[in-house]
Amino acid sequence: MSRSDAEQDGKIDAERVPSFDGVRWTSCSLEGFTDLYWGEIAPCLEAEGIDPRGEKPTHQWFRDHDARSFLAALRRHHDRSFGEFWNEDLELGDDEEGYTWATTDDATIDALEQFLNRRKSRYSLATSSVDALRTRLNLYVRAYREANGTDDLLTPIQRDQENPDYEAVDACYAAFDWLNEGTKREYSAQTLQRVRRVVDAWYQHLVGRRVASMNPASGLYDEFKWEVEDSPTPSLSANQIRKLIQASETTREQLLVVALAGWGLRASEAAALHVSQFHRDVPEDDIPFITFESRKNGPGEVSLLYGMDVLDSRIDELAEDDTWTGYLFPSSQGETPYVTRDTIRNWFQNLALEADLPERIEGERPSPQLCRRFWYDTYTAVLEGVLEGVDEIAAEQGSSDPRVVMQNYLSDSRARRVRREFMRDQLNAAFGERT
């Protein structure tokens, strides 16, 4: 749909509005606003045929999409107009010829763009996700230039270069030292970790393509130990999840809790669940999964580590209706055959009342996001246990980072089985003995 078509329709899809659930504007850094732009605002713009990189959304667009809180918080807490944010933080500016990299070295720019293009095609990433990666890479490019006095990032790592490898490593570390301490602007630990990940991936891509002889960023995980502060979004406890399950009197309510806390889905993802997304015909040693054609970070899969009995009960109940179209939370009203994200939120809050959950949890009302946060906190703890368990394998492979083992030496199916083994006890504590 073109922009003019969207304007003519004059309708805003309820599933295509930015969501700022759980965002604490008082503690949201400029990097956090950048992430919100690429993660929430840009996908909505794309859905309406608006280029989120080349066409700055108007204040009227924010009003129409009930997103004025973004602009107000940006002004109140960072004294930034959206135009300043667009130019200085998103670094989109008004350049009609395309993105402005913090380097004029053509070979470096080509290497950066080729990496992003392949990332987009191989991983089927949404444009907004690629733009977020581009912003983080450009932050490193600027830091490299400031710290080393050159914007040529390729020559020091090329296969035919004569300088010793340690000089390339020193230059890379100097860039992160600049980000860490040398810049007037203080970057959050989360931002620095994200920059580190994409820089490591870029260099590794160059090594794999035989453009570079080595990856100077391979030791960054040990060199810089940035501690990420606890998420401002609180989480429901296992005991509170158990109360929600106990208060659930219908299969719809049970599946709602499982989808949010057992599978870690967003409210909008749960609302639109369809039986065609569930894949059970997998090898005996593998795990069923849900597929998503369009997700916040592009297409993806979610392993069904839990709750298959609840899913089956829900399907059996709905299948008794000959008019059922396959949606697990169907709606007979509205523009879509499934319920909206707001309906999911309302159902959840009503269930929270029935379960006698506190009115406020660390200052936040019980919501699908807090429920989903339980899954993430649980999964994070489980992953740490998995990484501890593969430390010995990592040592045998000569790697100081067990993530390398998870990525390179465990098959996808084996990694899912390992996670399931670690996660079963945690989920049983919340849901009870299920499968």
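Residues numbered from 1 in each chain as written. Predicted model: local features only at pLDDT ≥ 70, side-chain atom pairs only at ≥ 80, totals over all residues. Heavy atoms only, no water.

### Examining helix H11 (residues 238-247)
Residues spaced three or four apart along an α-helix point in a common direction, a consequence of the helix completing one turn every 3.6 residues. All of the buried residues in H11 are Gln240, Ile241, Leu244, Ile245 and Ala247. Angular distribution of buried residues about the axis of H11 spans 170°; they occupy a single face of the element. (Buried < 20%, exposed > 50% of the residue type's maximum accessible area, 1.4 Å probe, protein only. Helix = DSSP H or I, 4+ residues; strand = E, 2+ residues; numbered from the N terminus. Arc of directions from axis to C-beta.)

### Re the sheet that holds strand S1 (residues 278-279)
With antiparallel pairing, three strands are arranged side by side in an open sheet as S1-S2-S3. The two strands at the open ends of the sheet, each matched to only one other strand, are S1 and strand S3 (300-303). Sheet topology places strand S2 (residues 289-292) next to S3; four bridges connect them, and they run antiparallel. Across the sheet, phenylalanine 289 pairs through a bridge with serine 303, a residue of S3. (Pairing = 2+ DSSP bridges.)

### A word on the environment of proline 216
Relative to the elements of secondary structure, proline 216 occurs in the loop between helix H9 (189-208) and helix H10 (220-223). On the basis of relative accessible area, proline 216 is assigned to the buried category, the value being 2%. Between the alpha carbons of proline 216 and tyrosine 203 there is a distance of 7.4 Å; along the sequence they are 13 residues apart. Excluding residues within four positions of it along the chain, proline 216 makes contact with Ile157, Ala168, Val169, Cys172, Tyr173 and Tyr203. (Contact = heavy atoms within 4.5 Å.)

### Things to note about the pairing of S2
Across two bridges, S1 lies against S2 in antiparallel orientation. Among the inter-strand pairings, histidine 279 is bridged to a residue of S2, identified as phenylalanine 289.

### Notes on the pattern of salt bridges
For the structure on display, the rule yields nine salt bridges. Salt bridges sharing common partners tie together Asp35, Arg136 and Arg194. (Salt bridge = Lys/Arg side-chain N within 4 Å of Asp/Glu carboxyl O.)

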